[in-house]
Amino acid sequence: MRTQGMWLTAALVGMAAASMPVTATAQDLRPESLKLYGGIYSPDCGNAAAPQVRIAADGLQISASGKNVRTPARMDSYTSFGGAPTSAVPEGYKVEFIGDDFSLYVFEDAKGTYVPLEGYVPSAAAIVGGAMQARFGRCGGS
């Protein structure tokens, strides 16, 4: 009888947990990814009015001229373009930060770490306008 009671309790607890609203967290967002590639990116880091991209544990944000678009940061991926040795991975690709509404890709070249918007985040055009083609380089102190 005691065993049946324990099973019933376990089943009820499981059902209650399953019916609770799930608040998605950045459980698949590795701290080392944020340490290596998180922070502020901008075409003009010294200009507070310049467009910015922000990658942080609490979310991904693109902002310019008082407008912004934001999405929770859900996970990161080092194999967004395929994990097979024959996958066509763009040169310099490092990591993708994946959100609910958009993702941000981080690349690195001889000039440093940067986030491209054109070709990767079409929805950012409504926020940054002509800066879509700009190089959003990682700002110091990020």
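Scroll up for the structure.
Rules of the game
- Residues numbered from 1 in each chain as written.
- Predicted model: local features only at pLDDT ≥ 70, side-chain atom pairs only at ≥ 80, totals over all residues.
- Heavy atoms only, no water.
- Pairing = 2+ DSSP bridges.
- Helix = DSSP H or I, 4+ residues; strand = E, 2+ residues; numbered from the N terminus.
- Axes fitted to C-alpha atoms, helices over the stretch in contact; angles between N-to-C directions.
- Salt bridge = Lys/Arg side-chain N within 4 Å of Asp/Glu carboxyl O.
- Buried < 20%, exposed > 50% of the residue type's maximum accessible area, 1.4 Å probe, protein only.
- Disulfide = S-S within 2.5 Å.

### Some details on the sheet that holds strand 3 (residues 59-64)
Think of a sheet as strands paired side by side through backbone hydrogen bonds, with each pair either parallel or antiparallel. What the 9 strands build is an open sheet, ordered 4-3-2-1-9-8-7-6-5; its pairing is antiparallel. Every interior strand has two partners, whereas the edge strands, strand 4 (67-71) and strand 5 (73-77), have only one. If you compare each strand with its neighbour and ignore which way they point, the axes differ by 25° on average. Alignment of strand 2 (residues 52-56) against strand 3, held across 5 bridges, turns out to be antiparallel. Looking at the pairing, A56 lines up with G59 of strand 3.

### Topic: the pattern of salt bridges
A complete count under the given rule lists 5 salt bridges for this structure. The closest approach of N and O atoms between D58 and R70, which form a salt bridge, is 3.6 Å. Of the two residues, D58 is situated in the loop between strand 2 and strand 3 and R70 in strand 4; the sequence distance between them amounts to 12 residues. You can call D58 partly exposed: its relative accessible area is 45%. Overall, the relative accessible area of 39% leaves R70 in the partly exposed class. When the shortest N-O distance is used, the salt bridge between D109 and R135 registers 2.7 Å. Here the residue D109 occupies a position in strand 7 (residues 103-109), and R135 occupies one in the loop between helix 3 (125-128) and strand 9 (136-138), the gap between them amounting to 26 residues. Through salt bridges with shared partners, a single network forms among R54, D58 and R70.

### With respect to the state of the cysteines
What we call a disulfide is simply a covalent bond connecting the sulfur atoms of a pair of cysteines. Throughout the structure, instances matching the rule amount to 1 disulfide. Across the disulfide from C45 sits C139; the S-S distance is 2.0 Å. Across the disulfide from C45 to C139, rotation about the S-S bond amounts to roughly -85°, and the bridge is consequently left-handed. Highlighted residues: C45 in the loop between strand 1 (39-42) and strand 2 and C139 in the segment after strand 9, separated in sequence by 94 residues. Exposure remark for C45: the relative accessible area of 41% places this residue in the partly exposed category. Using a relative accessible area of 10% as the deciding quantity, one classes C139 as buried.

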